[in-house]
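# Secondary and tertiary structure notes
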Amino acid sequence: MKAALVLGLAALTLLTPAATSALSVQEAILLAKPAVALVTAEVRGEVTLNCGRGAVTVRPMPFIETGTGWFIDGKGYLVTNAHVVEPAHRMPPWVIHELKKKAIDQACVDPALRAQGLMRGQRPDLEDSIRRDATARAMATAQVTPRPMLSVLLSSGVSLNAEVVKFSPPLAFDLNGKPSPEAGRDLALLRVKDAVYPAIRVSDREAQIGDPVHIIGFPGVVLSHELLNKSATLEASVTNGAVSGFKQDSIGQDIVQTDAAAAHGNSGGPAVGDDAALLGVMTFTTLTPSGGAIVQGFNFLIPARDVKKFLAGTPVVPGQSKFNDAWQAGLDALFAERYATAVARLAEANALQPNLTDVRRVFAEAEARLKNPPPRPFPWAWATLGVTVLSVGVYGGMFGRRWWKNRYRIQPAQVIAAIESGRNPQLVDVRTKTDFETSPLRLPGAVRLDPDAVLAGQPEAEPSAEREQLVVVYDTTPGEATAEKVAQALRTRGFKSVRILKGGLGGWTNARLPVESKSYLPSIGLEIYKNLTLGDLERRKFRPGELIVKEGDDPRGEAFVVHAGTVQIRRTFDGVEKILSTLGEGELFGELALFRSAPRSADVVAATEVELLVLKTERLDWLIRNRPQLTAEVVRRLANWVVQTDRERALSNR
């Protein structure tokens, strides 16, 4: 009887119109997100220096600082942190110093290493010695001609030049640890070209303990600036939390404390409430050591009232925008299921500022619902009750089976949460011998256990953890089959909290979480191994002096990764054999013939005992098309080869 009453109430609930609320969290975030943009302060420059062989001029990699900005009104004014734009706006001495350091590496260190047949990382001791000598010789006299640039990238992919129209410096301290006299509110007002932009309004009320907080921005752990600068579109990330306290900074200015997560790249981003109005501006974060690692702490916001004070005397009208009117009307109509009105108003917003990511996605959803509207609820209560009971049974069975399968599994994000909460989980690598030897990657701080030894019941084959401690086992087998068997065996031995990492090592790397390497790897090797976590690759071994690849041969659709040992790239010029380069662990070779659809361009010989991983054309092609960071590393290496070749040609023609 009681069960029937509960089901009856559930059916009546479905048939009763829901009470309307001001804004849902989804609506609040959608209202604010289009106004958020990526701010990049970039300082390029030409550096003239003398490494001991005469003055040379180089263009080092630029100094780049990224952060988040947001439109305060629809005329083209944005707010961000002063420390985000400071490198390009004021060019402090440390920025020039960084350019000099990069120039010394490029002009002095790299040529000295190449002269000895080495690359960065192969001989760290020698590299550090060369760098110290070059710095002592060239740093003081190096001359820098800087070229600062400040830009704003919208989520549509449109990049706009920006200028600083008002600047309140960030906190800084002198040599005695006292705040600098010019220290201010760490805010900057930027101006871009005239157009109609989204805008975020500023809240009129004071934040209270427990108020919901949604921080919007571009944390570097999600998107690296190299990819963002080349991407056609981008999308801000949202983290959620609450107001957790009120503090003051070193010069007595009020700040709002929140537990909403933030990272490098969120600086200057808006923190909005459930009404889509600004509660504060992200200014700085705290990091807390835990078990030898640095984990997320609390974050701090500049209060909305201080943003208003900063804007006093400027032509800014906070929150005013024609785009906002159309955008909010379109969202209201969409959530009220008035799809024709939603399409018309969203099209109006898209015409004012085209192709913003959220606008484009919501517009497509409204059009789809207009063409295929959702069916009306069936009008009969008993039929609804029957459907409810059936759904509960079906979905209950599905969820029950899913829960049973996943009851001991844990997501990568949950592992990070456990680390941040101080539980200090013991990470255990139980990959098969073949999988373990194929990939040099592992989770940070993980210990290795042979799964065969664990399953055989060998006493020493168990983690060095307390029986009550959280133990997370991972592997690379489909469905985490090996980890599942090992977890069961460890529970039988008395470990009470053993979990299986869902997705294994591949799930961890796909979540873009940090990994460790068993040995030094170049960046291209690290990116390749991140995406080759299964031990299903062909491996080949060669003795010292053995020919691996012969010039002129058909590449047979194969490229190679040096898994162990060293190889030499050789070529004969006018009857004289020359060593073009020496490659070590983690280096990729043989891919040029695949890109060019041409025979091998040089001989490759094993300099030591060598083990190679064989990459087939289709697999390498898929990785390059689907893993942007690997693509960037391949392009960067090809570019360095082109520059080196041009330099060698120039020297040979003198």
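Details of the structure are given in the entry above.
Residue indices begin from 1 for each chain and proceed along its sequence in written order. Local features in this predicted model are restricted to residues of pLDDT 70 or higher, and side-chain atom pairs are both shown and tallied only at a pLDDT of 80 or more, whereas totals for entire chains, interfaces and linings draw on every residue. Hydrogens are left out, water is left out, and the side-chain values use all remaining heavy atoms of the structure.

### Some remarks on the overall build of the chain
Along its length, the chain carries 20 helices and 29 strands. Within the chain, the proportion of its 654 residues that are buried is 44%. Counting only contacts in the chain whose residues sit at least 6 apart along the sequence, the fraction spanning at least 24 positions is 74%. Carbon and sulfur atoms provide 55% of the accessible area of the chain, an area that totals close to 33,100 Å². Secondary structure counts use DSSP, requiring at least four H or I residues in a row for a helix and at least two E residues in a row for a strand, with both numbered from the N terminus. Throughout, exposure labels follow a simple rule: accessible area from a 1.4 Å probe, protein chains only, divided by the maximum for the residue type, with under 20% read as buried, over 50% as exposed, and the rest as partly exposed. Contacts are residue-level and defined by heavy atoms, with any inter-residue pair within 4.5 Å sufficient. Working definition of accessibility: Shrake-Rupley area with a 1.4 Å probe, residue cover restricted to the visible protein chains.

### Looking at the packing of helix 8 (residues 322–335) against helix 9 (residues 339–352)
Lines fitted to C-alpha atoms define the axes here, with helix axes fitted over just the stretch in contact, and angles between the N-to-C directions of these axes take values from 0 to 180 degrees. Interaxial distance between helix 8 and helix 9 falls to 8 Å at its minimum, and their mutual angle equals 155°. Between helix 8 and helix 9, the interaxial angle falls into the category roughly antiparallel. Of the two elements, helix 8 crosses helix 9, and the hand of that crossing is left-handed. Between helix 8, through Lys322, Phe323, Asp325, Ala326, Trp327, Ala329, Gly330, Leu331, Ala333 and Leu334, and helix 9, the contact on the second element is made entirely by Tyr339, Thr341, Ala342, Arg345, Leu346, Glu348, Ala349 and Leu352. Tallied by class, the residues present in the contact of helix 8 with helix 9 amount to twelve nonpolar, two polar and four charged. Any angle from 65 to 115 degrees is called roughly perpendicular, while one under 35 is roughly parallel, one over 145 is roughly antiparallel, and all others are oblique. Crossing handedness follows the turn of the near helix against the far one: under a right angle anticlockwise gives a left-handed crossing, and clockwise gives a right-handed one. The classification used treats Ala, Val, Leu, Ile, Met, Phe, Trp, Tyr, Cys and Pro as nonpolar, Asp, Glu, Lys and Arg as charged, and all other residues, Gly among them, as polar.

### Describing the nonpolar core
Nonpolar cores were defined as sets of buried Ala, Val, Leu, Ile, Met, Phe, Trp, Tyr and Cys residues, with membership established by side-chain atoms within 4.5 Å. Ile72, Val152, Leu190 and Trp327 are the most contacted members of the largest nonpolar core, which has 65 residues in total. Listed in part, the 29 residues of the second largest apolar core include Leu521, Tyr529, Leu620 and Val634.

### Some points on unusual backbone geometry
Note: most residues except glycine have negative phi, and most peptide bonds are trans. Here arginine 556, not a glycine, exhibits a phi torsion of approximately 55°, which is positive. Residue placement: arginine 556 occurs in the loop between strand 23 (547–549) and strand 24 (558–564). Not every positive phi belongs to a glycine, and aspartate 574 is a case in point at roughly 50°. Relative to the assigned elements, aspartate 574 resides in the loop between strand 25 (567–573) and strand 26 (576–583).

### Let's talk about the sheet that holds strand 25
Within a sheet, each strand pairs with its neighbour through backbone hydrogen bonds, oriented either parallel or antiparallel. For two strands to pair, DSSP has to find at least two bridges joining them. Taken in spatial order, the four strands make up an open sheet running 23-28-25-26, and their pairing is antiparallel. Each end of this open sheet is capped by a strand with a single partner; those strands are strand 23 and strand 26. This sheet shows a mean twist of 35° between the axes of neighbouring strands, independent of strand direction. When strand 23 meets strand 28 (residues 603–606), the two strands line up antiparallel, connected through two bridges. Looking at the pairing, leucine 547 lines up with valine 605 of strand 28.

### Some thoughts on a nonpolar patch on the surface
Nonpolar side chains (Val, Leu, Ile, Met, Phe, Trp, Tyr) are joined into patches within 5 Å and like charges within 9 Å, using only residues with over 30% relative accessible area and no salt bridge. By convention in these notes, a salt bridge is any Lys or Arg side-chain nitrogen within 4 Å of a carboxyl oxygen on Asp or Glu. A cluster of nonpolar side chains, contributed by Leu390, Val394, Tyr395, Met398 and Phe399, occupies part of the molecular surface with about 500 Å² of accessible area. One can find leucine 390 in helix 11 (residues 381–406).

### Some details on the pattern of salt bridges
All told, the structure shown has 41 salt bridges when counted by the stated rule. For aspartate 275, the salt bridge is made with arginine 201, and the minimal N-O distance between the two is 3.9 Å. Of this pair, aspartate 275 sits in the loop between strand 12 (270–272) and strand 13 (278–290) while arginine 201 sits in the loop between strand 8 (187–191) and strand 9 (212–217), and the two are 74 residues apart along the sequence. With relative accessibility at 40%, the residue arginine 201 sits in the partly exposed group.

### Quick notes on the sheet that holds strand 19 (residues 470–474)
The parallel open sheet is built from five strands, whose spatial order is 15-20-19-16-18. Two strands in the sheet have a free side with no partner beyond their single neighbour: strand 15 (409–410) and strand 18 (447–448). Along the sheet face, helix 15 (residues 481–492) touches strand 15, strand 19 and strand 20 (497–501) and points at about 175° away from the line of strand 20.

### Considerations on the packing of aromatic side chains
Classification of ring pairs uses Phe, Tyr and Trp, with its six-membered ring standing for Trp, and accepts pairs whose centres are within 6.5 Å; under 30 degrees between planes counts as stacked, over 60 as edge-to-face, and the remaining range as tilted. Applying the stated criterion to the full structure yields five aromatic pairs. The residue whose ring lies beneath lysine 166 is phenylalanine 310, and the NZ or CZ to ring-centre distance is 5.2 Å. Each ring is checked for a lysine NZ or an arginine CZ that lies within 6 Å of its centre and within 35 degrees of its normal; such an atom marks a charge sitting over the ring. The ring centre of tyrosine 408 lies 3.6 Å from the NZ or CZ of arginine 491, which sits over that ring.

### So, the packing of helix 4 (residues 93–115) against helix 5 (residues 124–138)
Axis separation between helix 4 and helix 5 bottoms out at 10 Å; the angle between their running directions is 135°. Taken together, helix 4 and helix 5 sit at an angle that is classed as oblique. Here helix 4 and helix 5 pass one another in a crossing that is right-handed. Residues Ile104, Asp105, Cys108, Val109, Ala112 and Leu113 of helix 4 touch helix 5, and the partners they reach there are Glu127, Ile130, Arg131, Ala134, Thr135 and Ala138.

### Let's talk about the state of the cysteines
Our working definition of a disulfide is a cysteine sulfur pair at a distance within 2.5 Å. Tallied over the full model, the rule gives one disulfide. Between cysteine 51 and cysteine 108 runs a disulfide, and the two sulfur atoms are separated by 1.8 Å. Disulfide cysteine 51-cysteine 108: torsion about the S-S bond near -70°, hence left-handed. Linking cysteine 51 in the loop between strand 1 (36–50) and strand 2 (55–58) with cysteine 108 in helix 4, this pair joins segments that are 57 residues apart in sequence.

### Some remarks on the side chain of serine 267
On the secondary structure map, serine 267 appears in the loop between strand 11 (254–258) and strand 12. The term polar contact refers here to a pair of N or O atoms within 3.5 Å; inside protein, the definition further demands a hydrogen-donor-capable atom paired with an acceptor-capable atom, and it admits residues adjacent in sequence only when both atoms are side-chain atoms. Polar side-chain contacts of serine 267 include one of 3.2 Å to the side chain of histidine 83.

### As for the side chain of serine 151
If you trace the backbone, serine 151 turns up in strand 5 (residues 143–153). Among the residues examined, serine 151 registers a relative accessible area of 11% and is labelled buried. If near-sequence neighbours (up to four positions away) are discounted, serine 151 is found in contact with Leu38, Val39, Thr40, Ser159, Leu160 and Ala162.

### Description of the pairing of strand 2
Bridge count for strand 1 against strand 2 is four bridges, and the pairing is antiparallel. Paired with asparagine 50 across the bridge in strand 2 is alanine 55. Linking two consecutive strands that pair antiparallel, namely strand 1 and strand 2, is a turn of four residues; a positive phi of about 115° is found at glycine 52 within it.

### What to know about helix 12 (residues 412–420)
All of the buried residues along helix 12 are Pro412, Val415 and Ala418. One side of helix 12 carries all its buried residues, which in axial view fall inside an arc of 115°. Buried-residue contacts for helix 12 involve strand 15, strand 16 (426–429), strand 19, strand 20 and helix 16 (504–510). Glycine 422 sits one or two residues past helix 12 and shows a positive phi near 90°. The directions from the helix axis to the C-beta atoms form the arc being described.

### A closer look at the environment of phenylalanine 595
As for its placement among the helices and strands, phenylalanine 595 is situated in helix 18 (residues 591–596). Measuring from C-alpha to C-alpha, the distance between phenylalanine 595 and threonine 617 comes to 9.2 Å, with 22 residues separating the pair along the chain. When residues no more than four places from it in sequence are discounted, the contact partners of phenylalanine 595 are Ile624 and Val634.

### What about the environment of serine 129?
Note on placement: serine 129 falls in helix 5. A residue is classified by how much of its surface remains accessible, and serine 129, at 27% relative accessible area, is partly exposed. In this structure the C-alpha to C-alpha distance between serine 129 and valine 109, which are 20 residues apart in sequence, comes to 9.5 Å.

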